Amino acid sequence: MKLITKCVLLLMPTLVLVTPAFALPPTALSDSGQPGSIIIYPKFVNLPAVNVDGITVPRTEIEIGAICLPAFLAAGNSCAEHQPVTANGKRAFSADGIPINSNSPLVPAAPCPRGYLIGSAQSDLPIKFDGLIGNAIIRGENLVAGPNAGSSTGISAYQAITIQAGTGITGLQIGDVRFDKTAAGDPLPNVLSKTALIFLTLNVLANQPNDPTLVNLDFWNESLGNAVGSTNPAFEHLTSTSVEFLCWVQVPLSALAGGNLTQAFQGTRKGVVIAGPAQKVRDGNAPGDTPGPVTLIGLVETVEGTAANGFLERKYNFNMSTNGVPQPIAFVPLPNFP
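Figured I'd write up the structure that's included with this text. As the structure is a computational prediction, the values presented were derived from the model and not from experiment. (Residues numbered from 1 in each chain as written. Predicted model: local features only at pLDDT ≥ 70, side-chain atom pairs only at ≥ 80, totals over all residues. Heavy atoms only, no water.)

**Remarks on the nonpolar core**
Applicable threshold: Definition used in this section: a nonpolar core is a set of buried Ala, Val, Leu, Ile, Met, Phe, Trp, Tyr and Cys residues joined via side-chain atoms within 4.5 Å. Three labels apply to residues, based on accessible area from a 1.4 Å probe with only protein chains included: buried if under 20% of the type maximum, exposed if over 50%, partly exposed otherwise in between. In this description a helix means any DSSP run of H or I spanning at least four residues, a strand means any run of E spanning at least two, and both kinds are numbered starting from the N terminus.
Ile40, Tyr41, Ile163, Leu200, Leu202 and Ile297 are the most contacted members of the largest nonpolar core, which totals 34 residues. The set of elements that each furnish at least two residues to this core consists of strand S4 (38-45), strand S7 (60-66), strand S9 (114-120), strand S10 (132-139), strand S12 (161-163), strand S15 (193-200) and strand S23 (297-304). Within the second largest apolar cluster, 22 residues are counted, among which are Phe179, Phe219, Leu256 and Ala278.

In structure tokens form, the structure reads like this:
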């Protein structure tokens, strides 16, 4: 099993991503509801541990398992125990490199506070083993006010993205969003919250300059009650903006569309966003990169609570959906990675 982290290096064109040295042609679309040969965790947090029920626990706990499927055996493969890919096994570890308990594997700490993680089933070369599954748990920082001050109550989880051998993923993501509400007012109820979008592309040059990835974002608000906008056709409206990033980004809604992605401006609590198709654009700083369509993975994160605690009392993540059109993945490894 190979596990690789990528970190956010602000203001730096050189981004670290270590991945298997092969490309997945867009012959079929991967199914993240099925185990895969590659597994992607769109976000981890490597910051000081927090207090939960009086116990110190890591900010991020990553779970990865390898299961043996009948189709793998039918193809003449073996699922014997203790081979390089252990069948029906499970490991859990933190992003900070500190063992959770005596059964935790020794995994180096991520060299950055936030980023994403890629795992693959391989020995010296990438192999087909569509048996990887996993998820991640991310805890918020300790609260500073209220009855739970000093403890972390905001926790979220998401299912890791799996990619089967010989498949591709899309360059467009579709998600549900909760518009920001940081002060009381319509629409009700007055539950305060903030949302961020997390994006990454798998078309990267490891340890080399990369062209930026441009993603257009189209937001729609909710329909007008049961009237579906018939009494006020202008109620349902489109808000368009974009985001540009190198490899990975977490961008708050407050930084997009001039700050208009709020419940007060949109007139509704929630809406949908269509992100992409993602494109790498030439900026002159990455001569070895290739502009054009690229893959895109997205995750939606919302925190809610009181302003005194930065709205961190509660927290949740949503995976995003796709448009069903596969896009080639371009993996370029680091020299010291098999």
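**Details of unusual backbone geometry**
Residue proline 187 is reached from aspartate 186 by a cis peptide bond, and omega for that bond is 0°. Examined against the element boundaries, proline 187 turns out to sit in the loop between strand S14 (173-178) and S15. In the Ramachandran plot, cysteine 247 falls in the positive-phi region, its phi being about 75° despite a non-glycine side chain. Summarising the element assignment, cysteine 247 is placed in the loop between strand S18 (238-245) and strand S19 (248-252). Of note in the backbone geometry, alanine 257 takes a positive phi value of approximately 55° without being a glycine. Given the relative accessible area of 17%, alanine 257 is considered buried.

**Comments concerning the environment of proline 291**
Worth spelling out the cut-off: By definition in these notes, contact holds between two residues if any of their heavy atoms fall within 4.5 Å.
With respect to the helices and strands, the residue proline 291 is situated in the loop between strand S21 (279-280) and strand S22 (292-293). A relative accessible area of 37% places proline 291 in the partly exposed class. Proline 291 has contacts with Asp211, Lys280 and Arg282, leaving out every residue within four places of it along the chain.

**Let's talk about the sheet that holds strand S11 (residues 155-159)**
We count it as follows: Strand pairing is assigned whenever DSSP detects at least two bridges linking the two strands. Inter-axis angles, ranging from 0 to 180 degrees, are taken between N-to-C directions of lines fitted to C-alpha atoms, where helices are fitted over the stretch in contact.
Overall, antiparallel pairing links the four strands, which are arranged S8-S7-S10-S11 in an open sheet. Because the sheet does not close on itself, it has two edges, and the strands there are strand S8 (89-94) and S11. Looking at each pair of strands side by side, their axes are set apart by 15° on average, direction ignored.

**A few points about the side chain of lysine 315**
The condition is simple: Polar contacts, as counted here, are pairs of nitrogen or oxygen atoms within 3.5 Å of one another; within protein the pair requires one atom able to donate a hydrogen and one able to accept it, and residues that are adjacent in sequence qualify only if both atoms are side-chain atoms.
When you line up the elements, lysine 315 lands in strand S24 (residues 314-319). Residue classification places lysine 315 among the buried positions, given a relative accessible area of 10%. Here the side chain of lysine 315 touches serine 156 through a polar contact of 2.7 Å, side chain to side chain. If near-sequence neighbours (up to four positions away) are discounted, lysine 315 is found in contact with Ile138, Gly140, Gly154, Ile155, Ser156, Glu301, Thr302 and Val303.

The values are spatial; any link to function lies outside them.
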